[in-house]
Amino acid sequence: MPFSIATWNINSVRLRMPLVERFLAEHQPDVLCLQETKCPDDLFPLKAFRNAGYEHIEISGQKGYHGVATVARRPIASFERRRFCDNGDCRHLSVHVEAGNRRILVHNFYVPAGGDEPNPDINPKFRHKLDFVAEMHGIPAMQDDALSSVLVGDLNIAPLEADVWSHKQLLNVVSHTPVETESFEAMRRAGNWVDLMRQVIPPEEKLYTWWSYRAADWEASNRGRRLDHIWSSPNLSPHLTGIEVLRDARGWERPSDHVPVIARFDLD
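None of the values given here were measured: they were computed from a predicted structure.

(A) Examining the side chain of Asn-123 more closely. Among the secondary structure elements, Asn-123 is positioned in the loop between strand 7 (102-110) and helix 3 (124-135). For Asn-123, a relative accessible area of 9% puts it in the buried group. Among the polar contacts made by the side chain of Asn-123, one reaches the main-chain carbonyl oxygen of Glu-117 at a distance of 2.7 Å. Ignoring any residue separated from it by four or fewer positions in sequence, one finds Asn-123 in contact with Gly-114, Gly-115, Asp-116 and Glu-117.

(B) Spotlight on the sheet that holds strand 13 (residues 240-245). On the basis of which strands lie adjacent, the open sheet formed by 6 strands has the order 3-4-2-1-14-13 and mixed pairing. In the strand order of this sheet, the two ends are held by strand 3 (56-60) and strand 13, each with one partner. The average angle at which neighbouring strand axes cross in this sheet is 10 degrees, direction not considered. Inspection of the sheet shows strand 13 paired to strand 14 (residues 261-265) by 5 bridges, in the antiparallel sense. From the neighbouring strand, Ile-243 faces strand 14, where its bridge partner is Ala-263. Seen against the sheet, helix 1 (residues 17-27) touches strand 1 (3-9), strand 2 (31-35), strand 13 and strand 14 and runs at an angle of roughly 160 degrees to strand 1.

Cut-offs used in this document
Residue numbering note: each chain is counted from 1, following its sequence as written. Only residues with pLDDT of 70 or above have their local features reported here, since the model is predicted, and side-chain atom pairs are shown and tallied only from 80 upward, although totals for entire chains, interfaces and linings are computed over all residues. The side-chain numbers reported here are obtained from all heavy atoms of the structure, hydrogens and water having been left aside. Counting from the N terminus, the helices are DSSP H or I runs at least four residues long and the strands are E runs at least two residues long. Throughout this description, buried means an accessible area under 20% of the type-specific maximum (1.4 Å probe, protein chains only), exposed means over 50%, and partly exposed covers the range between. Polar contacts, as used here, are pairs of N or O atoms within 3.5 Å; protein pairs need one atom able to donate a hydrogen and one able to accept it. Residues neighboring in sequence count only if both atoms are side-chain atoms. Contact criterion: two residues are considered in contact whenever any of their non-hydrogen atoms come within 4.5 Å of each other. The pairing criterion for strands is at least two bridges between them, as found by DSSP. Here the axes come from fitting lines to C-alpha atoms, over the contacting stretch only for helices, and the angles between their N-to-C directions go from 0 to 180 degrees.

Take a look at the structure:
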């Protein structure tokens, strides 16, 4: 089996644990990175993950908001939580995992959504988002002969025109404004990260990972955005064998508004 990493904004891990268990049983990623777990550490459903075969678990959670978790079928080490913007929110987690003869540093991020008004002068949530992404410029894609890195998560920005259902209509909508997309791409380039989803799926092809709860029929309207991302260091990208976006998961019972994304590599 190839080595695989999945990312999913689960929008409350306790509420949607049955969906997580279904996903793990059907797809069995080696590593699953969850965002928006909305769960303090002492209430995280450790037993359910261990029963599913995911005995290696690191969490960074808080009551009611935010939160990230990384679970794995194989040992993980060097656990680190980073705080951004002098803020105590739980939005980052990193671990090391072994795959073949390679050690991979896995960053799990939940970038602030930014509120509704795309003006940092009157919307502190949007200012916080821009500051958070600016601070992410300091996260490099570390690599040497034995070390690679992966950055995944709900990054809450759809950078390319084909990452949204209408580039023209969303230019003034938070997640696709020029100030966000330009900063986002500058941050990715500064860290020397490779956008693995667009390595496989051409940049001009529509690609979404999120569909709003507000849509009466999300599937019929198909007004999606690509807010969830998987990046890697350049020395890992040649080993990518495939990307899978589980669109069907948006139609599961009581779903998250995001769907899982899986990257597979020819590493074992």
